Amino acid sequence: MRKKIRIKDIARLAGVSAGTVDRVLHNRGNVSLKARKAVEAVLEKVDYKPNIHVSALSLKRTYKIVITTPVISPGEYWESIHHGIRHAKEAYANLKLTTEVLTYNQYDVFSCREVFQRIAEMEMDALIIGPTFHDETNALCEKMDKRGVPYIFVDSNNEGTCPLAFFSSNHYVCGTLLAKLITSLIPVDSKIGILQAVRVGNRSANSTIQRKRGFMDYLSRQESAYQVLQIPFLVDEPENNEAYLSRFFTDHHDIPGVVVMNSRGNHVANYLYNNHIEDVKMVCLDLTVPNVEALKQGRIDYLIGQEPEHQGFCAMKTMLEYLIFKKTVKRENYVQL
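Everything numeric in this text was worked out from a predicted model, so none of it was measured.

## Brief notes about the overall build of the protein chain
Within the protein chain, the regular secondary structure consists of 13 helices and eleven strands. Projected onto the principal axes, the alpha-carbon positions of the protein chain cover approximately 75 × 40 × 35 Å. In the protein chain, which comprises 337 residues, the share counted as buried stands at 49%. Once local pairs closer than 6 in sequence are excluded, the contacts in the protein chain between residues at least 24 apart make up 69%.

What follows is the structure in structure tokens.
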């Protein structure tokens with residue numbers, strides 16, 4: 001019979017204290033990266049399993065998980081995230097689980113702030129967050145840390161926080177890929193339009209900041225001198241966007257390429273088509289229903305998918321396995337582009 005591996009055995013093999021092992025197993029923080037890696041390496045080597053009696057007791061109680069993301073729209077990116085979360089819940093249908101979803105306007109920092117303040121006062125066992133605004137997310141996570149509530153990010157990580165895990169595309173790499181694709185389609189030293197949503201409170205999304213950094217870094221490494229121009233776009237005021245687009249393409253009628261750094265590529269593609277503006281190459285993000293239709297019609301040249309449904313599924317699955325079985329969690333999880 002195989003000898004049972006104890007926490008003190010893992011501590012001895014990893015060269016750390018038993019308390020450090022316990023903090024890694026329960027993701028309680030205050031562990032150096034070197035110590036965490038040493039413990040995780042031993043856990044994997046000995047194939048450590050949590051105490052089955054603890055798991056059995058855990059199965060008897062009801063868990064509440066709060067989920068907060070930007071507003072869910074049919075056929076759009078965040079709906080796919082929630083599809084994945086729901087599928088993971090269905091896979092663990094035997095568990096006693098309740099969920100509560102609170103969404104906010106991702107283009108309005110004040111909407112995000114209000115929803116996050118409500119969440120900070122709620123009772124829960126765990127939290128799944130789709131972060132947009134850096135400071136508001138950090139403030140919420142600080143409160144969760146103090147309460148000992150574990151949280152997982154979907155769509156992006158938030159620097160300065162201590163999530164149990166995050167599931168996201170690598171947005172810097174995504175920006176690099178956007179730049180590589182658009183420059184392969186247009187002449188050297190030409191203009192590139194970048195559509196970036198204008199947000200209430202004048203704050204950019206974490207993901208957009210990282211994508212733009214990757215995009216600009218790629219261009220800076222090229223010998224050619226591309227001129228990058230901003231295209232304003234207000235999601236909350238769609239009636240004004242045609243005027244903004246008309247003004248931009250009137251001023252820059254010779255622009256050969258456009259990059260859309262969010263899931264709204266179809267709006268620009270359809271504007272160009274409806275106004276008979278040809279020979280503009282487009283590279284956009286996300287396999288939303290409207291974007292895929294624009295791609296099929298030849299109005300978008302490339303779409304980059306970020307596997308949002310897979311992100312949502314893995315986030316919920318990971319959280320449930322952590323809560324119920326105290327399973328060791330890998331913190332950084334980048335999906336394929």
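## As for the side chain of Asp286
Mapped onto the secondary structure, Asp286 falls in the loop between strand 9 (281-285) and helix 12 (289-296). For the buried Asp286, which has no salt bridge, the nearest side chain bearing the opposite charge is Arg211, at an N-O separation of 5.5 Å.

## What to know about unusual backbone geometry
Phi is positive for Asp279, which is not a glycine, with a value near 65 degrees. Secondary-structure assignment places Asp279 in the loop between helix 11 (265-274) and strand 9. The exposure class of Asp279 is exposed, given its relative accessible area of 69%. Here Glu307, not a glycine, exhibits a phi torsion of approximately 50 degrees, which is positive. Along the chain, Glu307 falls in the loop between strand 10 (302-304) and helix 13 (308-325). The partly exposed category is assigned to Glu307, whose relative accessible area is 34%.

Cut-offs and rules
Residues numbered from 1 in each chain as written. Predicted model: local features only at pLDDT ≥ 70, side-chain atom pairs only at ≥ 80, totals over all residues. Heavy atoms only, no water. Helix = DSSP H or I, 4+ residues; strand = E, 2+ residues; numbered from the N terminus. Buried < 20%, exposed > 50% of the residue type's maximum accessible area, 1.4 Å probe, protein only. Contact = heavy atoms within 4.5 Å. Lys, Arg positive; Asp, Glu negative; His and termini not counted. Salt bridge = Lys/Arg side-chain N within 4 Å of Asp/Glu carboxyl O.

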